[in-house]
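An overview of the molecular structure
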Amino acid sequence: MFKITAALLALLLVAIGAIGYLLGRPSGSSSNGITSTKQEINIHTTVLEVLPVAEFVSMHYRYNSVIKDANSKELFGISIPGTEKRMLAMIGGSIKLGIHCQNIVIDTTRSDTLFIKLPPIKVISNELHPESAEVYDEKDGIFNKYRAKDHFALEAKLKAETELEVRASREIIGQAREATEYAFKSFLKAIPALDTIPIAFRWN
């Protein structure tokens, strides 16, 4: 259902390199080799610094929806002959789900576990793919034809309805959360200084 894009992987690799460089710089430590509190705080701070600062897309949800419409013009509640029109079509789209990374919070009060509080999953974008549209039935009324603005209105309604369904789906939101946690944990665990530190995620 979900996949991490090549751009996302590239971003994670850059982040790994950056945090590896920063953690490799001299920092406070005691003579017996035990990590000092100063270094522990630097680790937390550095993790926050290298996390993405914009939007993080963790899941692409693809859908196919039906556009169904039928209407006519009326006069005194009576349908006017020659104004009936209808449409039945199917069109595909995709919704990108993710988080706004500026709202990520790193808990620095404990050094034995890295606690990361993540903001709620959001709809980053919702796009229809016109090239996938298939029209099964369309009829214009003699005095009531489908115009461009009618198509735009039907598409906007479809997008809004689909987005509401996705937001209300525990399964889809749960998958997006799992994908987000997997991506963040994967690149943090690739850093030697963090490979043995437990990472716990919490969601707002």
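Quick caveat, the model's predicted, so the values are computed rather than measured.

Counting its secondary structure elements, the chain contains four helices and eight strands. Starting at the N terminus and walking to the C terminus, you meet the elements of the chain as α-α-β-β-β-β-β-β-β-α-α-β. Out of the 204 residues in the chain, the part that is buried amounts to 36%. By sequence separation, contacts in the chain at least 24 residues apart represent 77% of the contacts at least 6 residues apart. Summed over its atoms, the accessible surface of the chain is roughly 12,300 Å², and 56% of this surface lies on carbon and sulfur atoms.

So, on to the sheet that holds strand β8 (residues 199-203). What the three strands build is an open sheet, ordered β5-β6-β8; its pairing is mixed. At either end of the open sheet lies a strand with only one pairing partner, and these are β5 (105-107) and β8. When the angles between neighbouring strand axes are averaged without regard to direction, this sheet yields 25°. Of the pairings in the sheet, the one linking β5 to strand β6 (residues 114-118) comprises three bridges and is antiparallel in character.

Under the criterion given, the structure shown has two aromatic pairs. Ring plane angle 45° and centroid distance 4.7 Å describe the contact between Phe56 and Phe184, whose orientation is recorded as tilted. Linking Phe56 in strand β1 (residues 55-71) with Phe184 in helix α4 (residues 170-189), this pair joins segments that are 128 residues apart in sequence. In this structure Phe56 comes out as buried when scored by relative accessible area, which is 2%. Taking the centre distance of 6.4 Å and the plane angle of 25° together, the rings of Tyr61 and Tyr63 count as stacked.

Spatially, β1-β4-β7 is the arrangement adopted by the three strands of the open sheet, whose pairing is antiparallel. This sheet does not close on itself; its edge strands, each paired only once, are β1 and β7 (122-139). Averaged over all neighbouring strand pairs, the angle between strand axes comes to 15°, with direction disregarded. Pairing of β1 with strand β4 (residues 85-100) involves 16 bridges; the strand directions are antiparallel.

Next up on the list: the confidence of the model for the chain. Mean pLDDT over the chain stands at 78; residues scoring 70 or higher make up 75%. Counting contacts from residues 1-14, a segment whose pLDDT is below 50, to residues more than four positions away or on other chains yields 21 contacts. For the stretch residues 16-41, pLDDT sits under 50, and the model shows 25 contacts to residues farther than four places along the chain or on other chains.

Grouped together as the largest cluster of nonpolar side chains are 37 residues, with contacts concentrated most on Leu97, Ile99, Ile104, Ile116, Phe184 and Leu188. The set of elements that each furnish at least two residues to this core consists of β1, β4, β6, β7, α3 (148-168), α4 and β8. At seven residues, the largest contribution of residues to this core is made by α4.

Before going further, it helps to examine the side chain of Thr162. Inspection of the secondary structure assignment puts Thr162 in helix α3. You can call Thr162 buried: its relative accessible area is 5%. For Thr162, the side chain forms a polar contact with the main-chain oxygen of Leu158, separated by 2.9 Å. Apart from the residues within four sequence positions on either side, Thr162 is in contact with Tyr63, Ser65 and Ile95.

Turning next to α4. Here α4 contains 20 residues, and its C-alpha end-to-end distance of 28 Å stays within 8% of the 28 Å for a straight helix at 1.5 Å per residue. Among all positions of α4, only Ile172, Ile173, Gln175, Ala176, Ala179, Thr180, Ala183, Phe184, Phe187 and Leu188 are buried.

Across all of its chains, the model carries three salt bridges by this definition. Measuring nitrogen to oxygen at the nearest pair gives 3.4 Å for the salt bridge that ties Asp150 to Lys85. Residue Asp150 is located in helix α3, and its partner Lys85 is located in strand β4; the two are separated by 65 residues in the primary sequence. Using a relative accessible area of 7% as the deciding quantity, one classes Lys85 as buried. Its salt-bridge partner being Arg86, residue Asp137 comes within 2.7 Å of it at the nearest N-O pair. A residue pair is termed long-range when its members are at least 10 positions apart, and Asp137 in strand β7 and Arg86 in strand β4 qualify at 51 residues. Look at Asp137 and you get partly exposed, because its relative accessible area is 28%. Looking at Arg86, the relative accessible area reads 37%, which means it is partly exposed.

The rules behind these values
Residue positions are counted from 1 within each chain, in the order its sequence is given. Restriction of local features to residues with pLDDT of at least 70 applies here, the model being predicted, together with a cutoff of 80 or more for giving and counting side-chain atom pairs; totals for whole chains, interfaces and linings are based on all residues. Processing note: side-chain calculations cover all non-hydrogen atoms of the structure and skip hydrogens and water entirely. The way it works is that DSSP assigns letters per residue, a run of H or I at least four long becomes a helix, a run of E at least two long becomes a strand, and they are numbered from the N terminus. The buried label goes to any residue with under 20% of its type's maximum accessible area, the exposed label to any with over 50%, and the partly exposed label to all in between, with areas taken from a 1.4 Å probe on protein chains only. Contacts were defined at the residue level, with two residues in contact if any of their heavy atoms lie within 4.5 Å. All accessible areas in this document rest on Shrake-Rupley with a 1.4 Å probe, and a residue is counted as covered only by the protein chains that are shown. Strand pairing requires that DSSP identify at least two bridges connecting the strands. Each axis is a line fitted through C-alpha atoms, taken for helices only over the stretch in contact, and angles between the N-to-C directions span 0 to 180 degrees. Only centres within 6.5 Å qualify two rings of Phe, Tyr or Trp (six-membered ring in Trp) as a pair; their planes then separate them into stacked at under 30 degrees, edge-to-face at over 60, and tilted for everything else. Every residue carries a pLDDT, the predictor's confidence in it, which falls somewhere between 0 and 100. Each nonpolar core is a collection of buried residues, namely Ala, Val, Leu, Ile, Met, Phe, Trp, Tyr and Cys, held together in the definition by side-chain atoms within 4.5 Å. Definition of a polar contact: a pair of N or O atoms within 3.5 Å, with one able to donate and the other able to accept a hydrogen when the atoms are protein atoms, and with sequence-neighbouring residues admitted only if both atoms are side-chain atoms. For a helix, the expected span equals 1.5 Å multiplied by the residue count minus one. Throughout this description, the term salt bridge denotes a Lys or Arg side-chain nitrogen within 4 Å of a carboxyl oxygen of Asp or Glu.

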